[in-house]
Amino acid sequence: MSPPVAIVTGGSSGIGLAVTEHLINAGYHTAIFDVDEKRGKAEAQQLDAGLGRCVFHRVDVTNYDQQAKAFKDTFEWGGNRLDVFFANAGIADTDSIYRELAPLDEGTGLPQPLNLQVFDIDVNAVIQGIHLARHFFARNSTPGGKIVITSSCLGVYSNHSVPLYSTAKHALIGLIRSSAPVYAGMGITINGLLPVLVDTNIWPEHAQHMVDPARLTPKTTVCKAFAMFLANDTMTGQTVELALDQLIFRKQEAYSNENAQWMCDSHELFETAVGPLLPNPVGQNYVKLE
Ligand SMILES: NC(=O)c1ccc[n+]([C@@H]2O[C@H](COP(=O)([O-])OP(=O)(O)OC[C@H]3O[C@@H](n4cnc5c(N)ncnc54)[C@H](O)[C@@H]3O)[C@@H](O)[C@H]2O)c1
């Protein structure tokens, strides 16, 4: 049997690189998709060790065609299989909603539009990625696979300094919880990592001196959570906070009252509204999770 195959976006550095190494040690043939070609190529070459188990693709995840082509190449490279998709590439705030960074438009005197690239990378590209993963998972000899997404503890707690990033990471938690009951019917699990503070290149050099090393979550905790998702074929829809050496499951909000519960549990109401978009006939999409 051919070895299992994984894709890691943002695998040239930090959390993605640590998980790539973990996957290779666990026997996965792994493709790194990243814009950082220099670092990614060097890391992939070292991890590959001449054994054909790690490959680098220069992919800007916001470019759908690039991401789609790299998925196809990886699927074929792996012997027509894809087992794991780690949607991890991400950046912090790309603009400010508190003050104008760009000069006013000369013609209108109005503010220039915000640069919302953080949503292109942290949200839209992740959704396009899981769309591609689903496509290739369905073509496995046994259909299905595992999706893991790097959200953030700020998706739960929020932070005034990085409101765009907090919003983007919050959206990913919604994505995981919303899609899991339908993907469960396709043999796909989808779970999220919510790191608290990990020492990676996401921290600009000018802010690094402010981080007390004792407060950093080690990458071993990230890999411990990832290993848990890899080992479990039924765990899905989960978001796990990674704080120092702890894995803390963050539960969905409890229903505020009976009416909220009625609305959220009325699966057939919503399924009827969007029926043509769903994989199965109305009433046959939702899988009750453990
Ligand atoms: N480090 C932390 O404390 C922390 C905490 C919570 C969440 N996260 C999340 O973890 C994920 C990984 O970040 P990290 O901390 O390892 O940072 P990092 O900067 O070390 O790694 C991020 C990688 O993503 C790549 N990338 C950025 N934009 C890309 C694009 N458009 N296409 C392809 N690749 C792209 C970068 O080149 C880089 O290699 C991010 O989603 C980040 O938001 C990090």
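As the structure is a prediction and not an experimental result, all values here were calculated from the model.

Thresholds, definitions, all that
Residues numbered from 1 in each chain as written. Predicted model: local features only at pLDDT ≥ 70, side-chain atom pairs only at ≥ 80, totals over all residues. Heavy atoms only, no water. Helix = DSSP H or I, 4+ residues; strand = E, 2+ residues; numbered from the N terminus. Rg over C-alpha atoms; globule rule 2.2 N^0.38 Å. Contact = heavy atoms within 4.5 Å. Areas by Shrake-Rupley, 256 points an atom, 1.4 Å probe, with all protein chains shown as cover. Lys, Arg positive; Asp, Glu negative; His and termini not counted. Charge placed at Lys NZ, Arg CZ, Asp CG, Glu CD. Pairing = 2+ DSSP bridges. Axes fitted to C-alpha atoms, helices over the stretch in contact; angles between N-to-C directions. Parallel < 35°, antiparallel > 145°, perpendicular 65-115°, else oblique. Left-handed = near helix turned anticlockwise from the far one by under 90°. Nonpolar A, V, L, I, M, F, W, Y, C, P; charged D, E, K, R; others polar. 1 Å grid on protein atoms, 1.4 Å probe; cavity = no way out; pocket = protein on both sides within 12 Å on 5 of 7 lines; lining within 4 Å. Points joined across faces, edges and corners; volume = space filled by probe spheres on them. Domains from an automatic or database assignment. Salt bridge = Lys/Arg side-chain N within 4 Å of Asp/Glu carboxyl O. Buried < 20%, exposed > 50% of the residue type's maximum accessible area, 1.4 Å probe, protein only.

1. Considering the overall build of the protein
Then step 1. A count of helical and extended segments in the protein gives 10 helices and 8 strands.
Then step 2. Its C-alpha atoms give the protein a radius of gyration of 20 Å, within 12% of the compact-globule value 19 Å for 290 residues.
Then step 3. Long-range contacts, defined here as pairs at least 24 residues apart, represent 66% of the contacts in the protein between residues at least 6 apart.
Then step 4. Carbon and sulfur atoms make up 54% of the accessible area of the protein, which totals about 15500 Å².
Then step 5. Averaged over its 20 positive side-chain charges, the protein has a centre that lies 6 Å from the centre of its 30 negative ones.

2. Details of the sheet that holds strand β2 (residues 29-34)
In sheet architecture, strand pairing relies on hydrogen bonds along the backbone and comes in two forms, parallel and antiparallel.
Then step 1. If you walk across this open sheet you meet the 8 strands as β3-β2-β1-β4-β5-β6-β7-β8, and the pairing is mixed. Among the strands making up the open sheet, the edge pair consists of β3 (54-58) and β8 (246-250). The average undirected angle you get between the axes of adjacent strands in this sheet is 20 degrees.
Then step 2. In the sheet, strand β7 (residues 239-243) pairs with β8 via 5 bridges, with the strands oriented antiparallel. Bridged to V240 within β8 is F249.
Then step 3. This element, helix α2 (residues 37-48), spans β2 and β3 of the sheet and lies at about 165 degrees to β3.
Then step 4. Sheet strands in contact with helix α4 (residues 117-137) are β4 (84-87), β5 (145-150) and β6 (188-195), and its direction is about 170 degrees off that of β5.

3. Some thoughts on the packing of helix α1 (residues 14-25) against helix α8 (residues 219-231)
Then step 1. Two numbers describe how α1 lies on α8: the axes approach to 10 Å, and their chain directions differ by 55 degrees. Taken together, the axes of α1 and α8 lie oblique to each other. In this structure, α1 meets α8 at a crossing whose hand is right-handed. Between α1 and α8, the contacting residues are G14, I15, A18, V19, H22 and L23 on the first element and K219, V222, C223, F226, A227 and L230 on the second.
Then step 2. Of the residues assigned to the contact of α1 with α8, the class counts are 9 nonpolar, 2 polar and 1 charged.

4. Some words on empty space enclosed by the protein
Then step 1. Across all of its chains, the model carries 1 cavity of 30 Å³ or more by this definition.
Then step 2. Reported here for the largest cavity is a volume of approximately 40 Å³.
Then step 3. If you go around the largest cavity, the residues you meet are T9, V61, Q67, F85, A87, A89, I121, A125 and V126.
Then step 4. Of all elements in the fold, only β4 and α4 reach the threshold of two or more residues within the lining of the largest cavity.
Then step 5. With 3 residues, the top contributor of residues to the lining of the largest cavity is α4.
Then step 6. Among the residues forming the lining of the largest cavity, the class breakdown is 7 nonpolar, 2 polar and no charged.

5. Brief notes about the layout of surface pockets
Then step 1. Here the largest pocket defines a volume of roughly 1400 Å³.
Then step 2. As for the largest pocket, its lining consists of 37 residues, of which R177, S178, P181, Q252 and Y286 are closest to the centre.
Then step 3. Broken down by secondary-structure element, the contributors of at least two residues to the lining of the largest pocket are α5 (154-157), α6 (163-183), α9 (258-265) and α10 (267-273).
Then step 4. Element by element, the count of residues in the lining of the largest pocket is highest for α6, at 9 residues.
Then step 5. Per-class residue counts for the lining of the largest pocket are 16 nonpolar, 12 polar and 9 charged.
Then step 6. For the lining of the largest pocket, the two domains that each supply at least three residues are domain 1 (5-252) and domain 2 (256-290).
Then step 7. There is about 1200 Å³ of room inside the second largest pocket.
Then step 8. The wall of the second largest pocket is formed by 39 residues, among which G90, I91, A92, T200 and I202 lie closest to the centre.

6. Description of the pattern of salt bridges
Then step 1. Tallied over the full model, the rule gives 7 salt bridges.
Then step 2. Between D83 and R81 there is a salt bridge, with its nearest N and O atoms 2.9 Å apart. Of the two residues, D83 and R81, both sit in the buried class.
Then step 3. Across the salt bridge formed by D233 and K146, the nearest N and O atoms sit 2.5 Å from each other. Placement of the pair is D233 in the loop between α8 and β7 and K146 in strand β5, with a sequence separation of 87 residues.

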